[in-house]
Structure formats: structure tokens, C-alpha cells
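One letter stands for each residue in the lines below.
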Amino acid sequence: MARRELEVGAWGDVSVQRVKGGPSPVVARARFRGFDGKVRKVERWGPSPRGARQALLAELEERKRRGSGGQLTGASTLSEAAEVWLSRIQRLADLGQRSPGTVETYGRQLEGHVLPRIGGLRLRELTTPVVDRFVLDVYQDVGAATARTCRSIVSGALSLAVRQGAIAANPARELERLEGTRAKEPRALTSEEQAKWFMGMTGDQVAVRQDLVDFSAFLLATGLRIGEALAVLWTEVDLDTGALTVTSTLIRVTGQGLLRKTTKSKAGQRALLLPTWCVAMLRRRSEVGVAPDEPIFATVDGRFRDPRNVSRQLADARDRLGFGWVTSHTWRKTMATILDGGGASPRMIADQLGHSRVSMSLDFYLGRRSVDPRVLAALEAVDPRRFTLESGGQSGGSVAQGEGT
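Reading the values: rules and limits
Residues numbered from 1 in each chain as written. Predicted model: local features only at pLDDT ≥ 70, side-chain atom pairs only at ≥ 80, totals over all residues. Heavy atoms only, no water. Helix = DSSP H or I, 4+ residues; strand = E, 2+ residues; numbered from the N terminus. Buried < 20%, exposed > 50% of the residue type's maximum accessible area, 1.4 Å probe, protein only. Areas by Shrake-Rupley, 256 points an atom, 1.4 Å probe, with all protein chains shown as cover. Phe/Tyr/Trp six-rings, centres within 6.5 Å; stacked < 30°, edge-to-face > 60°. Pairing = 2+ DSSP bridges. Axes fitted to C-alpha atoms, helices over the stretch in contact; angles between N-to-C directions. Parallel < 35°, antiparallel > 145°, perpendicular 65-115°, else oblique. Contact = heavy atoms within 4.5 Å. Expected span 1.5 Å × (residues − 1). Core = buried A, V, L, I, M, F, W, Y, C linked by side-chain atoms within 4.5 Å. Left-handed = near helix turned anticlockwise from the far one by under 90°. Nonpolar A, V, L, I, M, F, W, Y, C, P; charged D, E, K, R; others polar.

Focus: the overall build of the protein
If you tally the helices and strands in the protein, you get 17 helices and eight strands. Classification of the 405 residues of the protein by burial places 40% in the buried group. When the accessible surface of the protein is totalled, it reaches about 23200 Å², and 52% of it is carbon and sulfur.

Here it is in C-alpha cells:
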């Protein structure tokens, strides 16, 4: 009977025998097909049959790992794979290719949900049913957003394992898409609500002391995210031309503090034109004396303000003014709705918001749902009756009656 052909990186049956005069009492041997296609005999010695076998299997696994160019094997645990994967994400963050906030989120969800539930399983044990059950459990216990993040983490670690030859396919790729709760319809501030907000803020001594009046106006004028607005430096504003260059955002990362980093996408790096009333507001702020490298909305000593603190202050002011539904993104939706009502194209609105995809702006940021009179005017212009009237004919109803006679 012919010997079965070995796959690359695989080995045949292990034989164990006692040998006198050897370095140890027992030797274990097996045939191993290397990544050059050649089959070689590999042997390891041990004090007992079990010890020799374990030593040989460890050597064979190591040869397979070295040959595949990876750190992982099928016997590696998900915890080990996730550690290697997360370290690669951290390296990308260090190179500016990933957000430090993303690394922090992955690390938190990895420690909080992935490792406690399936971290001890070996890569070869992570089948599609196992991963599917894990994701559904997180979905049920915690929520859709956390489940999607956990799925991304597991899928990323398993994709790395595939690239390193530890497993043949990524079982997480077969999972169905998780749907979250239906998103609320976008809601923007009406002109009456805007007036109520700014009148209320101006009379709120806490909001005035926290510099929230000008900050709210700046959000309305630009549609920036809070982190982006707080990251703007005076050097990025040209008061003569009314131009603003958006390059960065502020995030807080555990263990690193407050970081100013580039926006999360190329679309986020954009140039905006400011309305004259916003330029006047910024010019007034600059007259108190500011350094070029200071943020335009700074602490009393010229440092960056923490987005989390400002978000909390806005939420407190919102509750005091009776605007419980307003969020930080309401200003972006309001600005987008104003531009839409002014005739701006979806692409123009997406560029203002820093979205690479127009659909994001249309689906989540346009709050207007009223009938646009321009739509009616366009439909009026294609009245089919004009064709029969211009030719001296009758209406469609009269023609039908004539055909029946």
C-alpha cells in the first residue's frame, strides 16, 4: 500500500520506540513535508513515550509555523491571535493609519466581552456556529453596536490567522449582518427653536461662563463635530477671507490623555467658508489677544478643552432650556437642512459635513421632511395636457369617449 502524500506543512504518523544508548530512553519519529515540498524525517527524544511524542509534536508545530511565516498555528488560542492582531492595529495607529480611539475601543471590548467568552478556544475550534453563537449572545445581552464591534474583532483576528496559515478560512465571514434598532428620523432645529436656544443660552449665566453661546453658534455655522470644533487653531482661520481649514479632531485616550489627531477620513479634512456673522464673532474673540497656535475655543490658560466635558456642559444646558431631544449632532443636522433648503446639492452638503459618501448625509443628517415647492414646480412644467391643447385636440377623457362612439 502506497504512502499517502503529505500536504505542505503536514506530517505523517508518529512512531515511538525505546532505544538503548541514545541521548534519552525513548525516541519519537515522523515524516514532515516542508514548505519546499521535500519530505524529511524528524525525531525528538524524551524520558518517556509521552515526553518524546510531545517534544516531537512541538517541533513539528514550530516548523509549520516558521514555514508559513506566521506566529500562529491552529493550536493557538483566540486570545493569542487577538493579542497579535491588536498589536498590529496599534502599530497602524502609531503610523497614523488608525485612530487611537479605535484601538482603545477594540481593547476595551476585547477584554470585556471577547476574551471572557471565547478567548480560551483554539483557532481550529472556532467554527462558524461557535462564532455565530458568541455574537448572538453579545447581541442579546449587550446590544447590536457592541456585538458588531466584537464581530469585527474576532473577524480581524481570524483573518490574521488565515494569512499566517493557522486556519484555512475565516468562519466569521459567514455570519449574517446584525441590524440594530431603527434609527430615529433626523431632526433639525427650526428657526423658532434656534431663536429660543440662543436667547435662552444668552440669559443662562452658567452657559455664558462656559463659553457655550459662541460655541453653539460656531457649530451652527460650520456643522463640525464637537471634537473637530475644539481642535481648530487660530492659524487655521483666515478672518480676511472667511475661510476655515479643518484638519484635526480631539479625542481622549485612556493612559494617553487628550490627543489632537487628523480627522478620521480624508473627506474630513476640508476647507469651509464661514458666514459673515461667524467671522464677526471670531474677530471679536481674537481681539482679546490670542496666540496663533491656540485653539479658538480654549481653556482660560489657552489649552484644548476636553470634548467630553463640553458635551456634558451642552447636555446640562439643553436640559435647563427644555431641549431634551437635542444632541451634539443636532447642529450638524440643522446646518445640513439649512443648506438643503437653500438649494445646495447633496455632494455640497456631504463635503461640508466631511462625509465621503453622499448617502450618509442624505440618510442621517437631513432633517427636513416637508414638501419642497420646487418639486411641484418641476411637475407642473411637464403637464401632458399642453400637448393636446397646443395642437387643438381634446383632453384624454374626451378622446376616450370619442373612441367609444
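Brief notes about the packing of aromatic side chains
Counted by the stated rule, this structure contains seven aromatic pairs. Between phenylalanine 198 and tryptophan 331, the aromatic rings sit 5.8 Å apart at their centres with planes inclined by 55°, giving tilted as the arrangement. Separated by 133 residues along the polypeptide, phenylalanine 198 in helix H6 (residues 191–202) and tryptophan 331 in helix H12 (residues 330–341) bring together distant segments of the chain. There is no split in this pair, since phenylalanine 198 and tryptophan 331 are both buried. An aromatic cluster is built from Trp197, Phe198, Phe323 and Trp331, whose rings are joined through pairwise contacts.

Quick notes on the sheet that holds strand S2 (residues 26–33)
Sheet architecture is open: three strands sit in the order S1-S2-S3, paired in antiparallel fashion. The sheet is open, and its two borders are formed by strand S1 (15–18) and strand S3 (39–46), each paired with just one other strand. The sheet shows a mean angle of 25° between the axes of neighbouring strands, taken without regard to direction. Pairing of S1 with S2, which is carried by four bridges, proceeds in the antiparallel orientation. Bridged to glutamine 17 within S2 is valine 27.

Focus: the pairing of strand S8 (residues 270–273)
Along S8, the buried face is formed by Arg270 and Leu272; none of Ala271 and Leu273, which line the opposite face, is buried. Of the strand pairs in this sheet, strand S5 (residues 243–246) and S8 are connected by four bridges, and their pairing is antiparallel. Opposite valine 246, over in S8, you have arginine 270 as the bridge partner.

Considering the packing of helix H3 (residues 100–118) against helix H5 (residues 144–163)
At a closest axis distance of 10 Å, the pairing of H3 and H5 adopts a crossing angle of 85°. By the criterion of interaxial angle, the relationship of H3 to H5 is roughly perpendicular. Only Thr146, Thr149, Cys150, Ser152, Ile153 and Val154 of H5 make contact with H3, whose side of the interface consists of Thr105, Tyr106, Gln109, Leu110, His113, Val114 and Ile118.

Considering the sheet that holds S8
Sheet strands line up and pair through hydrogen bonds in the backbone, either parallel or antiparallel. Read across the sheet, three strands follow the order S4-S5-S8 without closing on themselves; strand pairing throughout is antiparallel. Every other strand in the sheet has two partners, leaving strand S4 (237–238) and S8 as the edge strands with one partner each.

Overview of the pairing of S5
Residues Leu244 and Val246 of S5 are buried on one face, while the alternating residues Ala243 and Thr245, pointing to the opposite face, are not. Examined bridge by bridge, S4 and S5 share two bridges and lie antiparallel to one another. Pairing of valine 237 across the sheet is with leucine 244, part of S5.

With respect to helix H2 (residues 78–94)
With 17 residues, H2 should reach 24 Å at 1.5 Å per residue; the first-to-last C-alpha distance of 24 Å fits that figure. Turning to H2, its buried residues are Leu78, Ala81, Ala82, Val84, Trp85, Leu86, Ile89 and Ala93. The inward-facing, buried residues of H2 contact H3 and H5. A positive backbone phi angle near 85° is found at glycine 96, which sits one or two residues after H2.

Regarding the nonpolar core
In terms of nonpolar packing, the biggest core is built from 40 residues, with Trp197, Phe215, Phe218, Leu244 and Leu282 touching the most fellow members. Ignoring sequence-local partners within four residues, the contact set of tryptophan 197 consists of Ser216, Leu314, Arg318, Leu321, Phe323, Val326 and Trp331. If you look at the next biggest cluster of nonpolar residues, it comprises 33 residues, including Trp85, Val114, Leu123 and Leu178.

Some points on the packing of helix H4 (residues 128–141) against H5
Working note: a packed helix pair is described by the angle between its axes plus the distance between those axes. Closest axis-to-axis distance for the H4/H5 pair is 8 Å, and the angle between their directions is 155°. By the criterion of interaxial angle, the relationship of H4 to H5 is roughly antiparallel. Crossing handedness for the pair H4 and H5: right-handed. Of the residues in H5, those touching H4 at Val131, Phe134, Val135, Val138 and Tyr139 are Ala144, Thr146, Ala147, Cys150, Arg151, Val154 and Leu158. Among the residues forming the contact of H4 with H5, the class breakdown is 10 nonpolar, one polar and one charged.

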